[in-house]
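An overview of the molecular structure
Given next are the chains, with one letter for each unit.
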Amino acid sequence: MKKNKDSVFRKFVLDIHLWLGIASGLILFLICLSGTILVFDKEIKAFFQEELVIEKNDQKKISLDILSSKLDEFGEVQTVKIPESANEAYEFRIKTSPEKRRGEIFKVNPYTAEILKPQKTFADAVMLFFFKLHRWLLFDSSIGRPIVGIATMIFLVLTFSGLILWFPKKRIRWKSIKRGLKIKYKGKSSRLNHDLHNTLGFYASLFLIIMALTGLNWSFEWYRDLSSFVLGEKVFNRNALSAYKTTSIKDETISFTEVYQKSKTEFLFPGDVDINFPSAENDVFKIRKYHAESLSPVFYDQLIIDQNAEVLYNQAFKDQALNAQIATHIKALHTGEIYGWLSKWIYFLACLIATSLPITGSIIFANKLKLKRQKMLKQNLKVNWHRKF
């Protein structure tokens, strides 16, 4: 009786896996293909961009205040990224017009004040195309976002059902599990294709689940609220530190250079520093310092300084609760940036496997239909033979 129940359940899971895969195969192929390319989005765009060469010299760096004042003619200076390396350019983000929500990047040589506004290249256009394909399938966001979200939920069902089907039909033993961990290159092409789908899908499953669970935060507001509830921390909380303000501005306010020096005093470890300058909405300095010696390039400590040089907030990453760390790095968990090149290559391979799954799955389905037709043809021939004789 138990065997029959197991068989019924397995067939139900197989049917779910099969028909959902057929229904969503093309959309998932496009999402996964674009995701594979977007893993190295920043690296691809940077490769084709003009670089501001910073030569090694003993010259003293120009103060941050002078550099930022030189950029005022282009618009409102919003942020600056100061690299740990002495041979890299400063990156200023400038809001060049009120219509633009986000500013444009200007690179500045800190020794000579030479300014470079990187021009858009064909790589930017190509990566934007794949971004729109990945997020909205090239539709308007109001149409494409829910379609991608539903396809992602289907992908989760396919991944979990695939894991169930990966396990042996009969009693689970190491010998039978071991068979599912290997790809048999010798033999029929149909067997090789089955192993590519079954085995590679198993190896990529954990990373694909992480990508899908985090990716849904961009598709549905209700899911983002649910994630925030489960984590106990708001996901994408861009206004988390907006409550901090300068109470009363004194005659002599802190300079940009002093803010940078203050961050170095508060954070003694090496790493790149991001400084958000005061604006009409937030009149304080918000600083992030990234841990250069950490395994992850996205982990940072935070500091808020008012215009009177008073430290209002100081939060070390290591002191944050795990749920807060996860909520803060949802994007890095989704894109593979969480552990730099190591996780990027893992995500690239996992996405590449995910891109292949609709193809190998379709071939498995086609092979089964072929076998079914051959079997029916043999049965018909057998029936006709008996009728004849």
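Higher on the page you've got the structure.
Residues numbered from 1 in each chain as written. Predicted model: local features only at pLDDT ≥ 70, side-chain atom pairs only at ≥ 80, totals over all residues. Heavy atoms only, no water.

This next bit is on the packing of aromatic side chains. A complete count under the given rule lists 25 aromatic pairs for this structure. Judged by centre distance (4.1 Å) and plane angle (20°), the ring pair of phenylalanine 299 and phenylalanine 317 falls under stacked. Taken together, the residues span a long stretch of sequence, with phenylalanine 299 in the loop between strand E6 (285-290) and strand E7 (300-305) and phenylalanine 317 in the loop between strand E8 (311-315) and helix H10 (322-328) at a distance of 18 residues. Residue phenylalanine 299 shares its accessibility class with phenylalanine 317, and that shared class is buried. (Phe/Tyr/Trp six-rings, centres within 6.5 Å; stacked < 30°, edge-to-face > 60°. Helix = DSSP H or I, 4+ residues; strand = E, 2+ residues; numbered from the N terminus. Buried < 20%, exposed > 50% of the residue type's maximum accessible area, 1.4 Å probe, protein only.)

Moving on: the environment of leucine 333. One can find leucine 333 in helix H11 (residues 330-335). For the pair leucine 333 and leucine 213, spaced 120 residues apart in sequence, the C-alpha separation works out to 9.8 Å. If near-sequence neighbours (up to four positions away) are discounted, leucine 333 is found in contact with Ile210, Thr214, Ile326, Ile338 and Tyr347. (Contact = heavy atoms within 4.5 Å.)

Right, let's get into the environment of lysine 368. Within the secondary structure, lysine 368 is located in helix H12 (residues 340-388). Placed 57 residues apart in sequence, lysine 368 and valine 311 show a C-alpha to C-alpha distance of 67 Å.

This part is about the pairing of strand E1 (residues 76-82). Pairing analysis gives 5 bridges linking E1 to strand E2 (residues 90-95), with the strands arranged antiparallel. By the bridge assignment, valine 77 is partnered in E2 with isoleucine 94. With 4 bridges joining them, E1 and strand E5 (residues 273-276) adopt antiparallel strand pairing. Bridge pairing in E5 places threonine 79 opposite asparagine 276. (Pairing = 2+ DSSP bridges.)

The strands making up a sheet are joined through hydrogen bonds of the backbone, oriented either antiparallel or parallel. What the 8 strands build is an open sheet, ordered E4-E3-E2-E1-E5-E6-E7-E8; its pairing is antiparallel. Unpaired on one side and paired on the other, strand E4 (115-116) and E8 mark the two borders of the sheet. Judged from the 4 bridges that link them, E5 and E6 form a sheet pairing that is antiparallel. When the bridges of E6 are listed, valine 273 appears paired with lysine 289.

Looking now at the pattern of salt bridges. The final tally for this structure, using the stated rule, is 8 salt bridges. Between aspartate 15 and lysine 11 there is a salt bridge, with the nearest N and O atoms lying 3.1 Å from each other. You can see aspartate 15 and its partner lysine 11 sitting in helix H1 (residues 2-38), 4 residues apart, about one turn around the helix. Look at aspartate 15 and you get partly exposed, because its relative accessible area is 28%. A relative accessible area of 51% places lysine 11 in the exposed class. (Salt bridge = Lys/Arg side-chain N within 4 Å of Asp/Glu carboxyl O.)

Moving on to the side chain of serine 219. The residue serine 219 is located in the loop between helix H7 (189-215) and helix H8 (221-231) in this model. With a relative accessible area of 13%, serine 219 lands in the buried category. Excluding its chain neighbours within four sequence positions, the residues that come into contact with serine 219 are Arg145, Val148 and Gly149.

Taken together, the side chains of Phe9, Phe12, Ile16, Val157 and Ile164 present a nonpolar region at the surface, about 430 Å² in accessible area. Secondary structure elements with two or more residues in the nonpolar patch: H1 and helix H5 (141-166). Per-element tally for the nonpolar patch: the top contributor is H1, with 3 residues. Inspection of the secondary structure assignment puts isoleucine 16 in helix H1. (Patch = residues over 30% accessible without salt bridge, like charges linked within 9 Å, V, L, I, M, F, W, Y side chains within 5 Å. Areas by Shrake-Rupley, 256 points an atom, 1.4 Å probe, with all protein chains shown as cover.)

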